[in-house]
Amino acid sequence: MKRITTAIFILNLCGLSYSASWDGSGTKDDPFLISTPQQLVELAEEVNNGTDFQNEYFNLTNDIDLSEVCGDSLGNWIGIGSILNYFEGSFLGGNHSISNLYIEHDDDTDYCGLFGYIGEQGSVVDLTIQNGSIYNSKWNGAIAAINNGLISNCKNINCSVKSWQYSGGICGVNYNTIENCENQSEVTCSFCCGGICSYNYGSIINCSNKNGITTRNGGGGICGYNGGFDYSNCQGTKIGFIDNCNNEGSIIGQTKIGGITGRN
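Here is a short report on the structure shown in this document.

What counts and what doesn't
Residues numbered from 1 in each chain as written. Predicted model: local features only at pLDDT ≥ 70, side-chain atom pairs only at ≥ 80, totals over all residues. Heavy atoms only, no water. Helix = DSSP H or I, 4+ residues; strand = E, 2+ residues; numbered from the N terminus. Buried < 20%, exposed > 50% of the residue type's maximum accessible area, 1.4 Å probe, protein only. Contact = heavy atoms within 4.5 Å. Areas by Shrake-Rupley, 256 points an atom, 1.4 Å probe, with all protein chains shown as cover. Polar contact = N/O pair within 3.5 Å; in protein donor to acceptor, adjacent residues only side chain to side chain. Pairing = 2+ DSSP bridges. Axes fitted to C-alpha atoms, helices over the stretch in contact; angles between N-to-C directions. Disulfide = S-S within 2.5 Å. Phe/Tyr/Trp six-rings, centres within 6.5 Å; stacked < 30°, edge-to-face > 60°. Salt bridge = Lys/Arg side-chain N within 4 Å of Asp/Glu carboxyl O. Expected span 1.5 Å × (residues − 1). Patch = residues over 30% accessible without salt bridge, like charges linked within 9 Å, V, L, I, M, F, W, Y side chains within 5 Å. Lys, Arg positive; Asp, Glu negative; His and termini not counted. Charge placed at Lys NZ, Arg CZ, Asp CG, Glu CD.

## What to know about the overall build of the protein chain
Regarding its fold elements, the protein chain presents 1 helix and 26 strands. Residues classed as buried in the protein chain amount to 51% of the 264 residues present. Taking the contacts inside the protein chain whose residues are at least 6 apart along the sequence as the reference set, 79% of them involve residues at least 24 apart. When the accessible surface of the protein chain is totalled, it reaches about 12,400 Å², and 46% of it is carbon and sulfur.

## Observations regarding the side chain of S90
On the secondary structure map, S90 appears in strand β4 (residues 90–104). Of note is the side chain of S90, whose polar atom sits 3.3 Å from the side chain of S123. Ignoring sequence-local partners within four residues, the contact set of S90 consists of E56, Y57, F58 and S123.

## Topic: the sheet that holds strand β19 (residues 223–226)
Taken together, the 6 strands give an open sheet; going across it, the order is β6-β8-β10-β14-β19-β26, and neighbouring strands pair in parallel fashion. At either end of the open sheet lies a strand with only one pairing partner, and these are β6 (115–118) and β26 (261–263). On average, each strand axis in the sheet is inclined to that of its neighbour by 15 degrees, with strand direction left out of account. Relative to strand β14 (residues 197–200), strand β10 (residues 171–174) is paired through 2 bridges, and the arrangement is parallel. In the sheet register, N174 faces β14, and the bridge partner there is N200.

## Let's talk about the state of the cysteines
Formally, a disulfide is one covalent bond, and it connects the sulfur atom of one cysteine to the sulfur atom of another. All told, the structure shown has 0 disulfides when counted by the stated rule. Free cysteine C197: the closest other cysteine sulfur is in C171, separated by 5.0 Å.

## Here we look at the packing of aromatic side chains
The full count for this structure, using the stated rule, is 18 aromatic pairs. For the pair F32 and F53, a centre-to-centre distance of 6.5 Å together with 80 degrees between the ring planes defines the contact as edge-to-face. Of this pair, F32 sits in strand β1 (residues 32–34) while F53 sits in the loop between α1 (37–48) and β2 (57–60); the two residues are 21 residues apart in sequence, bridging distant segments of the chain. Measuring from ring centre to ring centre gives 6.2 Å for Y111 and W139, while their planes differ by 5 degrees; the resulting arrangement is stacked. With Y111 in strand β5 (residues 110–112) and W139 in strand β7 (residues 123–141), this pair connects stretches of sequence that are 28 residues apart.

## With respect to the pattern of salt bridges
For the structure on display, the rule yields 2 salt bridges. A salt bridge links K210 to E182, with the nearest nitrogen and oxygen atoms 3.4 Å apart. In this pair, K210 sits in the loop between β16 (208–209) and β17 (213–214) while E182 sits in strand β12 (residues 182–184), placing the two residues 28 residues apart along the sequence. Judged by its relative accessible area of 39%, K210 is partly exposed. Classification of E182 by relative accessible area gives buried; the value is 14%.

## With respect to the environment of D126
Mapping D126 onto the fold places it in strand β7. Between the C-alpha atoms of D126 and N95, which are 31 residues apart in sequence, the distance is 4.7 Å. Residues within four places of D126 in sequence aside, it is in contact with G93, G94, N95, H96, S152, N153 and C154.

## Quick word on α1
Taking 1.5 Å per residue as the helical rise, α1 with its 12 residues ought to reach 16 Å, and the 17 Å between its terminal C-alpha atoms agrees with that figure. The buried fraction of α1 amounts to 9 of the 12 residues, a majority that puts the element mostly inside the structure. Looking at α1, one finds that the buried residues are P37, Q39, L40, V41, E42, L43, A44, E46 and V47. Of the surrounding secondary structure, the elements contacted by the buried residues of α1 are β1, β2, β3 (64–65) and β4.

## Thoughts on a negative patch on the surface
On the surface, a cluster of negative charge is made up of D72, E104, D106, D107 and D108. Mapping E104 onto the fold places it in strand β4. The exposure class assigned to E104 is partly exposed, which follows from its relative accessible area of 30%.

In structure tokens:
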């Protein structure tokens, strides 16, 4: 007697499927459209659950007020991406603003911002964060906590950034490229902070700071520390580049402070 085994595969011909309510298919010509605070929350949930959205596109279609989903009575904004799950897609802000970003942690929570971690293939462009506050232990910025991709033509207007260490008006730590960005908000921490980022191991180009930076050690209008040693092997160094940037804000601190960077 012959036994015949049949394997049945169900193939989804329509591509990936997400539980979010976005219109669009995620391509460059037909991007996912985000128009409400809840749809932005859905993006955070998808990324933090492991979907990186590499080679997929998002368009912000209007200004968004996050006070509907986060605040003193509603709780904290949970960033898009984390140290475990990166955002690798393209987020196109369309020169719109996201207002009332609220993050207030009294514990040791790290990596806070609108985006938690932008991966090497990820980008955030043409976006303004307006009003709000970020307070946590370390590694935070209004656009992103960590940038390993591209942040371009973004602003922070009056969204204060405060922590124990490693704070930036735009991002916490930069490993790749920040260009044409502007900070108009105060940044405060005990160790290493700057108007654009705290540590810069990549390139910061055509950026400016227009508000006060307050720290005890390591502060600058553009970044706290530019470049530095790779302590993992005690051999190489991580190089940082700052090109055509300016600072108009006051820098207050005790050691290692400067108009552009506290340490280069």
